[in-house]
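One-letter residues, chain by chain:
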Amino acid sequence: MLLEAARSPLVWRRVNAPEPRGDELLIRVRCCGVCRTDLHVLDGELPGSKLPLVLGHQIVGTVVALGRDVDGLVEGQRVGVPWLGRACGDCRFCSFGQENLCERALFTGYQLDGGYAEYVVAQAKFALPLPGSFSDLQAAPLLCAGLIGHRALVTCGDAERIGLYGFGSSAHIVAQVARYQGRRVFAFTRPGDLAAQEFARRLGAEWAGGSDETPPSSLDAAVIFAPAGSLVPRALRAIRRGGSVVCAGIHMSDIPSFPYELLWGERKLCSVANLTRRDGIEFLELAPRVPVRTEVRTYPLEQANQALDDLRHGRFSGAAVLSVT
Ligand SMILES: [Zn+2]
Ligand SMILES: [Zn+2]
């Protein structure tokens, strides 16, 4: 009987999964979203990644074992594991609600093994309970595309006319939230990408065009999701005096020099980095109220490389998710 059980692939994998220690969880991965950051890590564009490494930081899974010190979670519970995997908890950033900037933070699928896997170990304090109204596949893109998009949108303050540069996984969620909040959305895609422009209009953008085009009215704020530094002066040109340009990606090609007059007039240029647990809790409470509908292209785990390649070449609309179970 034991031998038979040991031959079953499921039992073999479970036996070989690490045991959670302290406040860690062992999670059976149900699915994992694919993010542009995964490409930056894969391409060696971000310093300091763990090697060898399992990518993936939009993990939806079931808790199958808990470390001795875990509080508030139970076996069998569905949780999400986002990009912020750990933070020190006592530096000046952690002490003032900016754990996203903690210099000792560790990130999932970058410095900690991530969710392109059947099991993952995560620190319980950084796992997020997920709203029941989202299926596993629908929930996965909320965990980075949604969270970073939310942080970027909050950084835009009360801006009404919002430009979104790069209409991928994150923008397709942000557009829905922005419309729910009564904002007006202007979508910028790769020049000539009519399918992405149509996708943006379907999600509530009142105008969609190429990133080389001028929107019909000046913008109060713009969020840049695409990793192209050349978009920064273009976005500055598109916003009004006093407006903001928010760079939401973790990596960007160099920003070309531009005349000071594009920044003058109290225009602001900033980035958003990572996420806090508070962002996660806020956004996962907001998303079902919108309600956000994520458009998902599903790949089996075995086709992770194909999913990354399709993301690199813009071959799908919305978000890619690896299905593991
Ligand atoms: Zn810290
Ligand atoms: Zn991400």
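Figured I'd write up the structure that's included with this text. Positions within a chain are numbered from 1, following the residues in the order the chain's sequence is written. By the order in which they are written, chains take letters starting at A while ligands take numbers starting at 1. Reporting of local features is limited, given that this is a predicted model, to residues whose pLDDT is at least 70; pairs of side-chain atoms are given and counted only at 80 or more, and all residues count toward the totals for whole chains, interfaces and linings. Working from all heavy atoms in the structure, the side-chain values ignore hydrogens and water.

## Let's talk about the overall build of the protein chain
Then, number 1: Helix and strand assignments follow DSSP, with helices taken as H or I runs no shorter than four residues and strands as E runs no shorter than two, numbered in order from the N terminus. The helix and strand tally for the protein chain stands at eleven helices and 15 strands.
Then, number 2: In this description the radius of gyration comes from C-alpha coordinates, and the expected globular size is given by 2.2 Å times residues to the power 0.38. The C-alpha atoms of the protein chain give 20 Å as radius of gyration, which agrees with the globular expectation for 325 residues (20 Å, within 12%).
Then, number 3: Taken over the C-alpha atoms alone, the protein chain extends approximately 75 × 45 × 40 Å along its principal axes.
Then, number 4: Taking all 325 residues of the protein chain together, 54% fall into the buried category. Relative accessibility under 20% of the residue-type maximum defines a buried residue, over 50% an exposed one, and the middle range a partly exposed one, all with a 1.4 Å probe and only protein chains included.

## Things to note about the coordination of the zinc ion (ligand 2)
In an ideal octahedron of six donors the angles at the metal are 90 or 180 degrees, and in an ideal tetrahedron of four donors they are 109.5 degrees.
Then, number 1: With water omitted from the atoms examined, metal sites may look incomplete; donors here are N, O and S atoms no farther than 2.8 Å from the metal, or 3.2 Å in the case of Na, K and Ca. Donor atoms from the polypeptide that coordinate the zinc ion (ligand 2) comprise C35 (SG), H57 (NE2) and C144 (SG), at 2.0 to 2.2 Å from the metal.
Then, number 2: Within one chain, the residues serving as donors to the zinc ion (ligand 2) are arranged as C-x21-H-x86-C. Of the two residues, C35 sits in the loop between β1 (24–34) and α3 (36–42) while H57 sits in the loop between α3 and β2 (59–66), which places them 22 residues apart along the sequence.
Then, number 3: On the basis of relative accessible area, C35 is assigned to the buried category, the value being 13%.
Then, number 4: Residue H57 is classed as buried on the basis of its relative accessible area, which comes to 1%.

## Some words on the coordination of the zinc ion (ligand 1)
Then, number 1: Donor atoms from the polypeptide that coordinate the zinc ion (ligand 1) comprise C88 (SG), C91 (SG), C94 (SG) and C102 (SG), at 2.3 to 2.4 Å from the metal.
Then, number 2: Here the zinc ion (ligand 1) is ringed by four donor atoms whose angles at the metal span 106 to 118°, and the overall shape comes out tetrahedral.
Then, number 3: Sequence spacing among the residues donating to the zinc ion (ligand 1) works out to C-x2-C-x2-C-x7-C. Placement of C91 in the loop between β4 (84–86) and α4 (92–95) and of C102 in the loop between α4 and β5 (106–107) is noted, with a sequence separation of eleven residues between them. Each member of the pair, C91 as well as C102, is classed as buried. All geometry calls rest on donor angles, where a four-donor set with angles between 85 and 135 degrees is tetrahedral, four- and six-donor sets with opposite donors more than 155 degrees apart and all others between 65 and 115 are square planar and octahedral, and all else is irregular.

## Describing the layout of surface pockets
Then, number 1: Roughly 980 Å³ of volume is contained in the largest pocket.
Then, number 2: Elements with a contribution of two residues or more to the lining of the largest pocket: α3, α6 (145–155), α7 (169–180), β9 (184–189), α8 (194–202), α9 (231–238) and α11 (304–312).
Then, number 3: If you add up the space inside the second largest pocket, you get close to 160 Å³.
Then, number 4: Both cavities and pockets are sets of points on a 1 Å grid over the protein atoms alone; in a cavity a 1.4 Å probe fits but cannot get out, in a pocket the set is open with protein on both sides within 12 Å along at least five of seven lines, and lining residues sit with an atom within 4 Å of a point. In terms of lining, the second largest pocket is formed by 14 residues, of which the most central are R86, L112, D113, V121 and A122.
Then, number 5: The set of elements that each furnish at least two residues to the lining of the second largest pocket consists of β4 and β6 (119–123).
Then, number 6: Following the grouping adopted for this structure description, the nonpolar residues are Ala, Val, Leu, Ile, Met, Phe, Trp, Tyr, Cys and Pro, the charged ones are Asp, Glu, Lys and Arg, and the polar ones are all others, Gly among them. Each residue belonging to the lining of the second largest pocket can be placed in one class, and the counts come to eight nonpolar, three polar and three charged. Grid points are joined across faces, edges and corners, and a volume is the space filled by probe spheres set on the points.

## Let's talk about the side chain of E24
Then, number 1: One can find E24 in strand β1.
Then, number 2: Overall, the relative accessible area of 10% leaves E24 in the buried class.
Then, number 3: Each polar contact in these results corresponds to two N or O atoms within 3.5 Å; when the atoms are within protein, one needs to be able to donate a hydrogen and the other to accept it, and residues that are neighboring in sequence are counted only if both atoms are side-chain atoms. One polar contact links E24 to R86, side chain to side chain, over a distance of 3.2 Å.
Then, number 4: Beyond its immediate sequence surroundings of up to four residues, E24 is in contact with E19, A65, L66, G67, V70, R86, V121, A122, Q123 and A124. Contacts are assigned to residue pairs with any non-hydrogen atoms lying within 4.5 Å of each other.

## What to know about the packing of aromatic side chains
Then, number 1: Pairs were defined over the aromatic rings of Phe, Tyr and Trp, the Trp ring being its six-membered one, requiring ring centres within 6.5 Å. Orientation was assigned from the angle between planes: stacked under 30 degrees, edge-to-face over 60, tilted for the rest. Considering all chains together, one arrives at five aromatic pairs under this definition.
Then, number 2: When the ring of W83 is compared with that of Y110, the centres are 5.5 Å apart and the planes differ by 10°; the resulting orientation is stacked. With W83 in the loop between β3 (78–81) and β4 and Y110 in the loop between β5 and β6, this pair connects stretches of sequence that are 27 residues apart. Summarising the burial analysis for this pair, W83 and Y110 share the class buried.
Then, number 3: Linked through ring pairs, W83, F107 and Y110 together constitute an aromatic cluster.
Then, number 4: Put simply, a charge is over a ring when the Lys NZ or the Arg CZ is close to the ring centre, within 6 Å, and near the line of the ring normal, within 35 degrees. Over the ring of F126 we find R277, and its NZ or CZ is 4.0 Å from the ring centre.

## Points about α8
Each turn of an α-helix holds 3.6 residues, which means side chains three or four residues apart point in the same direction.
Then, number 1: Residues of α8 that are buried include every one of A196, Q197, F199 and A200, and no others. Looking down the long axis of α8, one finds its buried residues gathered within 160° of arc, a one-sided arrangement. Projecting away from the buried face of α8 at angles above 90 degrees are the exposed residues L194, A195 and R202.
Then, number 2: Of the surrounding secondary structure, the elements contacted by the buried residues of α8 are α7, β9 and β10 (207–210).
Then, number 3: Of the residues trailing α8, G204 is marked for its positive phi of about 110°. The arc in question is the one spanned by the directions pointing from the helix axis to the C-beta atoms.

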